[in-house]
Amino acid sequence: MVVIPVISSKGGVGKTTLAANLSTALAERGRQVLTVDLDPQNALRFHLATDPHGAQEGLVAAAAGQLPWRQAMQPAHGGVVLLPFGTVDDERQIGFEHELSRQPDWLARTLARFGLPQDMVVIVDTPPGPTVYLQQALRAADLCVIAVLADAGSFATLPIIERMIDKYCRPRTGYLGSAYVVNQVDPGQRLNHDVFALLRARLQSDLLGVLHLDSSVSQALASALPVRGYAPLSQAAQDIAVCTDRLLARISAHVSARAAAPSAPASPLRQEASR
């Protein structure tokens, strides 16, 4: 089992869209994929669930013992298994967050109890910024995918997520590192182009890939389909395919090198901050 949270330091960067499309692309390549929605917005169902409005109960209900885990998971697009967060009121959400605070390794222990196959990929969607959900996801993470935009806001808030990764992931010998995806890249916009060039120079080998600005992404969401299912020949579908292939290559390379190099190297941002 390889646990890959998709995270971001700010909202509106397309994190849930990326989580959904990486999930279906990985499944297309023959990997067994469980996609966990650890975001109270419960929005992943709109990308993946074959019946988005039927995914009213999920992770929170199962965690409370109100629903069997097997029943909380449901078949989704592309052969993915989806565990939705579920629609919960304020009181249930606050109670769940209290339990997560009380049990810092709840997600890691819960996934371990599932007895998933060794080659299974678990994609975890999370809310933006530092939250108890992000802490849980980072404590369970083998590799983090970080979604950013090529704008000043994303660039300025990157150290926030880097500090979280340094705190919860890098001290663990099994952590495989971070992989950044720059979303909505528009080479025709000067500022966007310039910030992307800056990001590429700083992230270096941690840059997994880019998703170009493409209207087929929003059109696919409106149709409740993955991008590849809605527009398989689109630029976005090609970009996601590239990111998926690189992600699989990175997993394979790191897993093979674990014995020789147990500790993940510090990221370029961290190295720069320590100077």
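Everything quoted here is computed from the prediction, not taken from an experiment. (Residues numbered from 1 in each chain as written. Predicted model: local features only at pLDDT ≥ 70, side-chain atom pairs only at ≥ 80, totals over all residues. Heavy atoms only, no water.)

Visitor: I tried to follow the pattern of salt bridges on my own but got confused; where do I start?
Guide: Side-chain pairs of opposite charge can arise whenever the charged atoms involved come near each other. Under the definition given, this model contains nine salt bridges. Note that Glu57 is salt-bridged to Arg92, the shortest N-O span being 3.6 Å. With Glu57 in the loop between helix 2 (45–48) and helix 3 (59–63) and Arg92 in helix 5 (residues 90–102), this pair connects stretches of sequence that are 35 residues apart. We note a salt bridge from Arg170 to Glu162, for which the minimum N-O separation is 3.7 Å. Take Arg170: its relative accessible area is 13%, and that puts it in the buried class. Taken together, the salt bridges that share partners define one network made up of Glu162, Asp166 and Arg170. (Salt bridge = Lys/Arg side-chain N within 4 Å of Asp/Glu carboxyl O. Helix = DSSP H or I, 4+ residues; strand = E, 2+ residues; numbered from the N terminus. Buried < 20%, exposed > 50% of the residue type's maximum accessible area, 1.4 Å probe, protein only.)

Visitor: Got a minute to help me understand the sheet that holds strand 3 (residues 74–75) in this structure?
Guide: Strands belonging to one sheet form pairs held by backbone hydrogen bonds; the direction of such a pair is parallel or antiparallel. Read from one edge to the other, the open sheet built from eight strands follows the order 3-4-2-5-1-6-7-8, with strand pairing classed as mixed. The open sheet has two edge strands, strand 3 and strand 8 (207–212), and neither has a second partner. In the sheet, strand 1 (residues 2–7) pairs with strand 5 (residues 121–125) via five bridges, with the strands oriented parallel. Bridge pairing in strand 5 places Pro5 opposite Val124. Where helix 7 (residues 132–140) meets the sheet, it contacts strand 1, strand 5 and strand 6 (144–149), and its direction lies at approximately 145° from that of strand 1. (Pairing = 2+ DSSP bridges. Contact = heavy atoms within 4.5 Å. Axes fitted to C-alpha atoms, helices over the stretch in contact; angles between N-to-C directions.)

Visitor: In this structure, what is going on with the packing of helix 6 (residues 106–113) against helix 7? I would like to understand it.
Guide: Two quantities define a packed helix pair, namely the angle between the axes and the distance from one axis to the other. Close contact between helix 6 and helix 7 brings their axes to 7 Å; oriented N to C, the two are set at 50°. Judged by the inter-axis angle, helix 6 sits oblique to helix 7. Contacts between helix 6 and helix 7 involve Trp106, Leu107 and Ala108 from the former and Gln136, Ala137, Arg139 and Ala140 from the latter. (Parallel < 35°, antiparallel > 145°, perpendicular 65-115°, else oblique.)

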